[in-house]
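# Descriptive analysis of the structure
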Amino acid sequence: MNDLTQVLTPGKLQMTDHERLERIDKIYAAMQDKLAFAQSFTGKCRQMANDRKQAKTDNDKLKSLYGIQ
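Residues numbered from 1 in each chain as written. Predicted model: local features only at pLDDT ≥ 70, side-chain atom pairs only at ≥ 80, totals over all residues. Heavy atoms only, no water.

A few words on the packing of aromatic side chains. Per the stated rule, a full pass over the model turns up one aromatic pair. Ring centres of Phe37 and Phe41 lie 6.0 Å apart, and the angle between their planes is 20°; this geometry places the pair in the stacked category. Of the two residues, Phe37 and Phe41 both sit in helix α2 (residues 17-66), four residues apart, roughly one turn of that helix. By relative accessible area, Phe37 is classed as exposed at 59%. (Phe/Tyr/Trp six-rings, centres within 6.5 Å; stacked < 30°, edge-to-face > 60°. Helix = DSSP H or I, 4+ residues; strand = E, 2+ residues; numbered from the N terminus. Buried < 20%, exposed > 50% of the residue type's maximum accessible area, 1.4 Å probe, protein only.)

Once that is clear, we can look at α2. The end-to-end C-alpha separation of α2 is 73 Å, in line with the 74 Å expected for 50 residues at 1.5 Å each. Residue Gly67 follows α2 closely and has a positive phi angle near 70°. (Expected span 1.5 Å × (residues − 1).)

Attention now goes to the environment of Asp17. Residue position: Asp17 is located in helix α2. A relative accessible area of 62% means that Asp17 is categorised as exposed. Separated by 35 residues in the primary sequence, Asp17 and Arg52 place their C-alpha atoms 52 Å from one another.

As structure tokens, then:
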């Protein structure tokens, strides 16, 4: 956010319009990469939580079938 604020605030950095747009594109690409990582990580966490929930359900069912408490 600091980089973006510096690029967008007039008078902060001495840049041409072309350089400013290139910097904004680089910041955007970096944020897209971080978003992809966060989405992947979140998906894996959700899958792990679902797997654990299913394993608990399976264990409870087996205990019930064998009369174990």
